Amino acid sequence: MTTVLVVVAHPDDAEIAMGMRIHWYAQHGARIRVHCLTTGSEQSSAVRQQECLEAGRILGVDDYTFSSIPDTRFVDNRGRINADLFTVFRETRPDIVYTHYPRDQHLDHRITGDEATTVALREARDLTYFRSPYSLGFEPTQFFMGTEDLLSAKTRALKCYASQHQLDMDVFRKLTEVAHRQHLHHRIVERFPQEAGCAELFRTARRIEFAGNTPPVSRTPADQR
C-alpha cells in the first residue's frame, strides 16, 4: 500500500491545492495522512479542526492531524515545527510527501515548505511541491488532469470551510478548471480526453524509481539477434 503524507500550514491548504489528487489516491487504495501545522486562533481552532475533518471524510483522508503552532508565528516556532514533523514522518513512514512550494509570499507557507523539505529528504522517498495561491515563480513539472467527479469532490470539500468568509471557494474551483492553460500550449490541450478539463499543478523535488519494479519490455526477433 502506498502511503501519502500531505504537510500544510493551514486548514484548507490541502483541499485548495490538491483536493482532486487526494481523492484520486483514496480511490486507488492509498493510505493518506494530512498534517496541518496550525488551526488558527484559540477562538477558532475547534471550528477549523472540525471543518478539516469534514473535508477529509469527503476526500477519503485516513488521518487528519494537527500541530498547535500559532498562526502567523511560524518564524518564532521553527524548532517546534521541525520536531513535530520528525514525529509525524516517523509515525507515518510515507512513500510520497506533498507540501508547499518553498518560494511563497505567505511566510507560514514558506517555512512549512522549507521544514517539510528538510525532514522529507531524510525520511521519505519522493517529495513533490504543490502550488498555492501565493507561490512565486512556480513552474509545474506535473499536471494532474482530473475529472468532473474529482472536481465535484474537491468542491464539496472546499464548502466545508464555512468559517473562511474571506475566501471565495468558487474561485478555487474555477482556477482548477483553467490553471493548466497558463502552462500548456493549446495544441496539447486539444489532444486531451474530453473528460480531462481541470488540473492541479505540482513540481517534483525528488522521485526515486527502482529498475527491478519496471515491467520487462517485449523484444522483437530483430532485437534478439
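Residues numbered from 1 in each chain as written. Predicted model: local features only at pLDDT ≥ 70, side-chain atom pairs only at ≥ 80, totals over all residues. Heavy atoms only, no water.

Novice: Please provide a residue-by-residue account of the nonpolar core, values included.
Specialist: Ranked by size, the top nonpolar core spans 34 residues in total, and within it V6, M18, I22, V34, Y64, Y98 and F130 carry the most contacts. Of all the secondary-structure elements, those providing two or more residues to this core are β1 (3–8), α1 (13–27), β2 (31–36), α2 (45–59), β4 (96–100), α5 (148–158), α6 (169–178) and β7 (198–206). In terms of residues, this core owes the most to one element, α1, which gives seven residues. Those residues within four positions of V34 in sequence are excluded, and the remaining contacts are V6, V8, A14, I22, V61, D63, Y64 and T65. (Core = buried A, V, L, I, M, F, W, Y, C linked by side-chain atoms within 4.5 Å. Buried < 20%, exposed > 50% of the residue type's maximum accessible area, 1.4 Å probe, protein only. Helix = DSSP H or I, 4+ residues; strand = E, 2+ residues; numbered from the N terminus. Contact = heavy atoms within 4.5 Å.)

Novice: Talk me through the packing of aromatic side chains; I want residue IDs and the actual numbers.
Specialist: Both the distance between ring centres and the angle between the ring planes are used here to describe each pair of aromatic rings. Following the criterion strictly, the structure yields seven aromatic pairs and no others. The interplanar angle of 15° and the centroid separation of 5.7 Å between the aromatic rings of Y64 and F66 together place this pair among those described as stacked. On the basis of an interplanar angle of 65° and a centroid distance of 5.4 Å, the ring pair of Y98 and F202 is categorised as edge-to-face. On the criterion of sequence distance, the pair formed by Y98 in strand β4 and F202 in strand β7 is long-range, its members being 104 residues apart. Classification of F202 by relative accessible area gives buried; the value is 1%. (Phe/Tyr/Trp six-rings, centres within 6.5 Å; stacked < 30°, edge-to-face > 60°.)

Novice: Would you mind going over a nonpolar patch on the surface in detail, with residue names and values included?
Specialist: On the surface, a cluster of nonpolar side chains totalling about 220 Å² of accessible area is made up of V171, L175 and V178. Residue placement: L175 occurs in helix α6. (Patch = residues over 30% accessible without salt bridge, like charges linked within 9 Å, V, L, I, M, F, W, Y side chains within 5 Å. Areas by Shrake-Rupley, 256 points an atom, 1.4 Å probe, with all protein chains shown as cover. Salt bridge = Lys/Arg side-chain N within 4 Å of Asp/Glu carboxyl O.)

Novice: Give me the pairing of β1: which residues, what numbers.
Specialist: Walk down a regular strand and you will see the side chains alternate between the two sheet faces. Burial of β1 is extensive: six of the six residues sit out of reach of the surface. In this region the chain leaves β1, passes through α1 and returns to the parallel neighbour β2; the handedness of that crossover is right-handed. Sheet analysis places β1 next to β4, joined by four bridges and oriented parallel. When the bridges of β4 are listed, V7 appears paired with T99. (Right-handed = clockwise from strand over helix to strand, strands pointing away. Pairing = 2+ DSSP bridges.)

Novice: Which residues make up unusual backbone geometry, and what values do they have?
Specialist: Not every positive phi belongs to a glycine, and T72 is a case in point at roughly 65°. Mapped onto the secondary structure, T72 falls in the loop between β3 (63–66) and α3 (78–92). With a phi close to 50°, R93 is a non-glycine residue in the positive phi region. Tracing the backbone shows R93 in the loop between α3 and β4.

Novice: Go over the sheet that holds β4 with me, naming the residues and quoting the values.
Specialist: Overall, mixed pairing links the seven strands, which are arranged β3-β2-β1-β4-β5-β7-β6 in an open sheet. The open sheet has two edge strands with one neighbour each: β3 and β6 (142–146). When the angles between neighbouring strand axes are averaged without regard to direction, this sheet yields 25°. (Axes fitted to C-alpha atoms, helices over the stretch in contact; angles between N-to-C directions.)

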